[in-house]
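# Report on the structure
Here's the letter readout for the chains.
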Amino acid sequence: QVHLVESGGGLVQAGGSLRLSCAASGSIFSISYMGWCRQTPGKQRETVATITSGGDSYYVDSVKGRFTISRDNAANTVYLQMNSLKPEDTGVYYCKTVYKSRWFGAPSDVWGQGTQVTVSS
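Attention here is on the structure that accompanies the text. (Residues numbered from 1 in each chain as written. Predicted model: local features only at pLDDT ≥ 70, side-chain atom pairs only at ≥ 80, totals over all residues. Heavy atoms only, no water.)

### Topic: the side chain of Lys 96
The topology assignment puts Lys 96 in strand β9 (residues 91-100). Those residues in contact with Lys 96 that sit more than four places away from it in its chain are Leu 4, Tyr 33, Met 34, Gly 35, Asp 109, Val 110 and Trp 111. (Helix = DSSP H or I, 4+ residues; strand = E, 2+ residues; numbered from the N terminus. Contact = heavy atoms within 4.5 Å.)

### Regarding the environment of Tyr 99
By secondary structure assignment, the location of Tyr 99 is in strand β9. C-alpha of Tyr 99 to C-alpha of Lys 64: the two residues are 35 residues apart in sequence and 26 Å apart in space. With residues up to four places along the chain from it excluded, the contact list for Tyr 99 reads Val 2, Ser 27, Ser 30, Ile 31, Pro 107, Ser 108, Asp 109 and Val 110.

### Regarding the sheet that holds strand β3 (residues 18-26)
Taken in spatial order, the 4 strands of this open sheet run β1-β3-β8-β7, and their pairing is antiparallel. The open sheet terminates on both sides in strands that have one partner only, identified here as β1 (2-7) and β7 (67-72). Each adjacent strand pair in this sheet contributes to an overall mean axis angle of 15°, direction not counted. Where β7 and strand β8 (residues 77-82) come together, 6 bridges link them in antiparallel fashion. Directly across from Ser 70, in β8, lies its bridge partner Tyr 79. (Pairing = 2+ DSSP bridges. Axes fitted to C-alpha atoms, helices over the stretch in contact; angles between N-to-C directions.)

So this is what it looks like as structure tokens:
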């Protein structure tokens with residue numbers, strides 16, 4: 001079983017910065033993908049940023065140039081540096097990880113408990 005522990009959310013004024021962290025622990029053989037999704041009021045959950053084990057990253061258009069995703073493969077941890085935050089970035093941010101517990105078999109995914117990010121205008 002794999003668990004994700006998120007941290008770093010909070011309240012910040014527009015234009016400010018926050019850094020989210022998500023550490024995976026448990027029965028991990030390999031992690032292929034780590035990322036962040038967010039649930040904002042009145043909207044469907046959307047993928048904000050992802051990063052593969054090789055370092056390839058993806059960002060939703062609304063955060064390009066402001067957010068940076070990175071990972072520490074040795075520590076099974078992913079980070080999301082969020083700069084120039086806007087009120088519309090407010091929401092619950094969830095970490096997602098796709099992993100394998102053994103070298104064979106299909107991968108599994110696991111979600112974190114979510115961390116609240118609130119950006120005031």
